[in-house]
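Reading the structure
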Amino acid sequence: MSEGTMQRRVERDQRAKRLNRVLVCAAAVPVMLVAAGCSSDSGSGDSTDKAAKAAASASSSPSPTVQAAAYDKLPEPCKALSKKTLKDLVPKSKSGKEGKSDDISTRASCSWDSLDNNGVKGSQFRWLNVSMLRFESDVARGPADKLAQAYYEKQVQEAQAAEGAKGVKSEPVAGAGDQATAVHYDLKKKEGTFKQQTIVARVENVVVTLDYNGAGLAGEKTPDEGDLLKDAKKAVKEAVDAVSTANGKGGGTADGAPSGAASESSKPSKSPSKSASKEASDESSKDASASPSKKPASKS
């Protein structure tokens, strides 16, 4: 074999080897691309997992809460005061008149009137009203006791601004719930001078408003304001105790005798005990029905 022939064969072998290397490298490229693709997919999956975990964590976060109301019921309004107290304040009253309510576990009231006729000497008139309003806690508006406090302050202001009131005086009342204020004044009418006592008290998430007024008619002397106020304070403490007793918080009347509500506390409530009445939740933003400070005018 000539030298030229041998050289050409060596060159062909070298070209063949180079071609094989090119083919091997070309075959390796798709494998690398597939590997790179898998690596990219793996990263995308990690991101999705992280997003899912973040969403799950957010959904498991606790919802906003508010402290539950302490009291979930009211006593029967016409049994909130003892018979002895009623005899002292409205001696000629035979029975109380319960006010209308869509939900007696949220709003309740009762009124009594008494006319002691002394013939030609005139007569003594008395009128008594007890109203109770209970608030429920609300996530948007706040805890029940704070809503009750706002309504309590509003009631006091309304009593102080009563139409036709003369000589308005206010004073705190101790021993009647968490806070209590007495507002008293005169109302001059053609029948005589009416001595008005309004006491607003708050116990937890319940506001109790007690109105008591008296007048001497047809020549009878005007009752003593101090005596009326003393009786009103005794009655409002009894009403506040009745609210606590109805909710199993103890209590009792100011004179130590069990109130009508106390004797009923062991019986099941006749009304829904946990009603979140819209009537109560909206009370702090609207006037109370039949404002107590205006009642005397209708009873003259």
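Above: the structure in question.
These lines cover the structure that appears in this document, whether it is placed above or below. One numbering rule holds for all chains: residues counted from 1, following each sequence as written. The predicted origin of the model limits local features to residues at a pLDDT of at least 70 and limits the giving and counting of side-chain atom pairs to 80 or more, whereas totals for whole chains, interfaces and linings rest on all residues. Values shown for side chains rest on all heavy atoms present in the structure; no hydrogens or waters enter the calculation.

1. Brief notes about the sheet that holds strand E1 (residues 97-98)
Taken in spatial order, the seven strands make up an open sheet running E1-E2-E3-E7-E6-E5-E4, and their pairing is antiparallel. Because the sheet does not close on itself, it has two edges, and the strands there are E1 and strand E4 (165-172). Here a residue-residue contact requires only that any non-hydrogen atoms of the pair lie within 4.5 Å. In this analysis, axes come from line fits to C-alpha atoms, helices being fitted only over the stretch in contact, and the angle between any two N-to-C directions falls in the range 0 to 180 degrees. We count a stretch as a helix when DSSP gives it H or I for four or more residues in a row; a strand needs E for two or more, and each element gets its number in order from the N terminus. Its contacts with the sheet put helix H4 (residues 225-246) on strand E3 (123-134), E4, strand E5 (179-189), strand E6 (192-203) and strand E7 (206-217), and the angle it makes with E6 is roughly 30°. Pairing between two strands requires that DSSP report at least two bridges joining them.

2. Let's talk about the pattern of salt bridges
The term salt bridge refers to a pairing of a side-chain nitrogen on Lys or Arg with a carboxyl oxygen on Asp or Glu at a separation within 4 Å. Counted under the stated rule, the structure contains seven salt bridges. The residue Asp88 makes a salt bridge to Lys234 at a minimum N-O spacing of 3.3 Å. You can see Asp88 sitting in helix H2 (residues 83-89) and its partner Lys234 sitting in helix H4, a full 146 residues away along the chain. Its salt-bridge partner being Glu136, residue Arg134 comes within 3.0 Å of it at the nearest N-O pair. Through salt bridges with shared partners, a single ionic network connects Lys84, Asp88 and Lys234.

3. Things to note about the state of the cysteines
Only a pair of cysteine sulfur atoms within 2.5 Å counts as a disulfide in this structure description. Taken as a whole and judged by the stated rule, the model has one disulfide. What pairs with Cys78 in a disulfide is Cys110, and their sulfur atoms sit 2.0 Å apart. The sign of the 95° torsion about the S-S bond sets the Cys78-Cys110 disulfide as right-handed. In this pair, Cys78 is assigned in the loop between helix H1 (3-59) and H2 and Cys110 in strand E2 (residues 107-117), connecting sequence segments 32 residues apart. Here's how the labels work: a residue is buried when its accessible area is under 20% of the maximum for its type, exposed when over 50%, partly exposed in between, all with a 1.4 Å probe on protein chains only. Since its relative accessible area comes to 25%, Cys78 is described here as partly exposed. Judged by its relative accessible area of 1%, Cys110 is buried.

4. Things to note about H4
Each residue after the first adds 1.5 Å to the expected span of a helix. With 22 residues, H4 should cover 32 Å at 1.5 Å per step; its first-to-last C-alpha distance of 32 Å lies within 8% of that length. Backbone nitrogen of Gly226 and a side-chain oxygen of the N-cap are separated by 3.0 Å at the start of H4; the cap is Asp224. The positive-phi residue at the C-terminal boundary of H4 is Gly248, with phi of around 70°. Between N or O atoms, a polar contact is any pair within 3.5 Å; within protein, one atom must be a potential hydrogen donor and the other a potential acceptor, and residues adjacent in sequence are included only when both atoms are from side chains.

5. Describing the nonpolar core
We define a nonpolar core as any set of buried Ala, Val, Leu, Ile, Met, Phe, Trp, Tyr and Cys residues linked to one another through side-chain atoms lying within 4.5 Å. By size, the foremost hydrophobic cluster in this structure holds 31 residues, and its most contacted members are Leu81, Trp112, Leu128, Val130, Val208 and Leu210. Secondary structure elements with two or more residues in this core: H2, E2, E3, E5, E6, E7 and H4. With eight residues, H4 is the largest single contributor of residues to this core. Leaving out residues up to four positions away in the same chain, Leu210 has contacts with Leu128, Asn129, Val130, Gln197, Thr198, Ile199, Ala232, Ala235 and Val236. Phe125, Ala159, Ala165 and Val183 belong to the second-largest nonpolar core, a separate cluster that totals 21 residues.

Remember, this is a structural readout, not a statement about activity or role.
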